[in-house]
Amino acid sequence: MLMDKNIVLIGFMGSGKSMIARELAKRLNVPVLATDALAEAKEKQTIHEIFKSKGETYFRHLESGIIKDISHRRGIIIDCGGGVVLAQENLQILKTNCIVFYLEASPEVIYQRIKHETHRPLLNTPDPLGCIKELYNQRLPLYNQADYVIDANDASIEGPVVEILKRI
Ligand code: S3P
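Residue positions within a chain follow its written sequence, with the count starting from 1. Totals for whole chains, interfaces and linings use all residues, but because this is a predicted model, local features are given only for residues with pLDDT of at least 70 and pairs of side-chain atoms are given and counted only at 80 or more. Water and hydrogen atoms play no part in the side-chain values, which are based on all heavy atoms of the structure.

Engineer: For this particular structure, what's the right way to read the overall build of the chain?
Structural biologist: Working definition: helices are DSSP H or I runs of at least four residues, strands are E runs of at least two. Numbering for both runs from the N terminus. Counting its regular elements, the chain contains eight helices and five strands. Helices and strands appear in the chain in the N-to-C order β-α-β-α-α-α-β-α-β-α-α-β-α. In this setup the radius of gyration rests on C-alpha atoms only. A globule is expected at 2.2 Å times the number of residues raised to 0.38. Taken against the 2.2 N^0.38 rule, which gives 15 Å for 168 residues, the C-alpha radius of gyration of the chain at 15 Å falls within 12% of a compact globule. Considering only C-alpha atoms, the chain reaches an extent of 45 × 35 × 25 Å along its principal axes. Taking the intrachain contacts of the chain between residues at least 6 apart in sequence as the baseline, contacts between residues at least 24 apart amount to 74%. Calculation of accessible area relied on Shrake-Rupley with a 1.4 Å probe; when residues are assessed, cover is drawn exclusively from the protein chains displayed. For the chain, the computed accessible surface area is about 8,500 Å², with 54% contributed by carbon and sulfur atoms. Mean positive and mean negative side-chain charge positions of the chain (21 and 21 charges, respectively) differ by 3 Å. Contacts: residue pairs with any heavy atoms within 4.5 Å of one another. When charges are counted, Lys and Arg are positive and Asp and Glu negative, with His and the chain ends excluded. Charged groups are reduced to one reference atom each: NZ for lysine, CZ for arginine, CG for aspartic acid, CD for glutamic acid.

Following this line, the structure appears as structure tokens:
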């Protein structure tokens, strides 16, 4: 299949973006670029290390630069870090030549998925569920600016993959 627009996946940490992106890439035979992986490659540090040594503001600039660099490409899937929506400019750029899908999963579902993981600096707090709920509420209006909202609460990625394929 020839895609003239990119597919962009946005959504909260743990909403399944990376798994769904990889599955779409396989079915469509197109490359997937992950903003987190590109940031890590550029800095030669993990996300955790970047946050720790250079801070969140530095990371957000890095992320915006990556969005600018890759969004003009054609026929790719972009797996975005959960916070890309925080800069309105990122969303504007992405919506210009990409179809943006928001993978929606509830805070409780997200918490169950990520409670044993430690690589997400924003959730290394004594009350991760409370933190997820707070960030989720702040970001919901931003995520909802996507072209499509896809239900990603189910443990299986098949439903979201099929829904996305129907819309491109
Ligand atoms: C973040 C999400 C992470 C990563 C960083 C910050 C966020 O990406 O970019 O830890 O602000 O939501 P994932 O959504 O891929 O976990």
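After that view of the structure, there is still more to cover.
Engineer: Would you mind showing me how to read the layout of surface pockets here?
Structural biologist: Space inside and on the surface of the protein is sampled on a 1 Å grid over the protein atoms alone, with a cavity defined as a set of points where a 1.4 Å probe fits but cannot get out and a pocket as an open set with protein on both sides within 12 Å along at least 5 of 7 lines; lining residues have an atom within 4 Å of a point. Grid points are joined across faces, edges and corners, and a volume is the space filled by probe spheres set on the points. Quantified by volume, the largest pocket comes out at close to 780 Å³. As for the largest pocket, its lining consists of 42 residues, and the residues nearest its centre are Met13, Gly14, Ser18, Asp36 and Arg120. When residues of the lining of the largest pocket are traced back to their parent elements, those giving at least two are helix H1 (17-28), strand E2 (32-34), helix H2 (35-43), helix H3 (47-54), helix H4 (56-71) and helix H6 (107-114). The element contributing the most residues to the lining of the largest pocket is H1, with six residues. Under the convention adopted here, Pro, Cys and the residues Ala, Val, Leu, Ile, Met, Phe, Trp and Tyr are nonpolar, Asp, Glu, Lys and Arg are charged, and Gly plus all remaining residues are polar. Here the lining of the largest pocket is composed, by residue class, of 19 nonpolar, 11 polar and 12 charged.

Engineer: Would you mind showing me how to read the pairing of strand E1 (residues 6-10) here?
Structural biologist: The two faces of the sheet receive side chains in turn, since in a regular strand these alternate between them. Counting buried positions over the five residues of E1 gives five, a clear majority of the element. Type-normalised accessible area, obtained with a 1.4 Å probe on protein chains alone, sets the label of each residue: buried when under 20%, exposed when over 50%, and partly exposed for intermediate values. Residues of E1 alternate between two faces, with Asn6, Val8 and Ile10 on one and Ile7 and Leu9 on the opposite face, all of them buried. Relative to strand E4 (residues 98-104), E1 is paired through five bridges, and the arrangement is parallel. Among the inter-strand pairings, Asn6 is bridged to a residue of E4, identified as Cys98. Relative to strand E3 (residues 77-79), E1 runs parallel, the two being bridged by three bridges. Note on E3: the bridge partner recorded for Val8 is Ile78. Paired strands are those between which DSSP finds at least two bridges.

Engineer: What am I meant to see in the site of the ligand here?
Structural biologist: One heavy atom within 4 Å of a molecule or strand is enough for the residue carrying it to be called near that molecule or strand. Of all residues adjacent to the ligand, which total 13 residues, the nearest are Lys17, Asp36, Arg60, Arg120 and Arg139. Distance and chemistry together define a polar contact, namely a pair of N or O atoms within 3.5 Å, with one atom able to donate a hydrogen and the other to accept it when in protein, and with adjacent residues in sequence counting only for side-chain atoms on both sides. Between the ligand and Lys17, the relevant distance is 2.5 Å, taken from an oxygen atom to a side-chain nitrogen or oxygen of the residue. Between Asp36 and the ligand, the recorded distance is 2.7 Å, taken from a side-chain N or O atom to an oxygen atom. Contact with the protein chains hides 94% of the accessible area of the ligand, taken as 390 Å² for the molecule alone. Of the residues belonging to the shell around the ligand, the class tally is five nonpolar, three polar and five charged.

Engineer: When you look at the packing of aromatic side chains in this model, what are you seeing that I'm missing?
Structural biologist: Each aromatic ring pair is summarised here by two numbers: the centre-to-centre distance and the angle between the ring planes. A pair of aromatic rings is counted whenever rings of Phe, Tyr or Trp (Trp by its six-membered ring) have centres within 6.5 Å, and the orientation is called stacked for planes under 30 degrees apart, edge-to-face for over 60 and tilted otherwise. Under the counting rule described, the total for this entry stands at four aromatic pairs. With 6.4 Å between their ring centres and 55 degrees between their planes, Phe12 and Tyr136 make a pair best called tilted. Here Phe12, found in the loop between E1 and H1, pairs with Tyr136, found in helix H7 (residues 128-143); they are 124 residues apart in sequence, far enough to count as distant. By the burial criterion, Phe12 is buried, and Tyr136 matches it. Seen from their ring centres, Phe51 and Phe59 are 4.9 Å apart, and the 40 degrees between their planes marks the pair as tilted.

Engineer: Help me out: how do you make sense of the sheet that holds E3 in this one?
Structural biologist: Within a sheet, adjacent strands bond to each other through the backbone by hydrogen bonds, running parallel or antiparallel. The strand order E2-E3-E1-E4-E5 describes an open sheet built from five strands, whose pairing is parallel. Pairing within the sheet leaves two strands with one partner each, and these edge strands are E2 and strand E5 (148-151). Ignoring which end each strand starts from, the neighbouring axes of this sheet average 25 degrees apart. As judged from the three bridges shared by E2 and E3, these two strands associate in the parallel manner. Across the sheet, Val32 pairs through a bridge with Ile77, a residue of E3. Those strands touched by helix H5 (residues 88-97) are E1, E3 and E4, and its axis lies near 120 degrees from that of E4. As a rule, the C-alpha atoms of each element are fitted with a line to give its axis, helices using only the stretch in contact, and angles between N-to-C directions run from 0 to 180 degrees.

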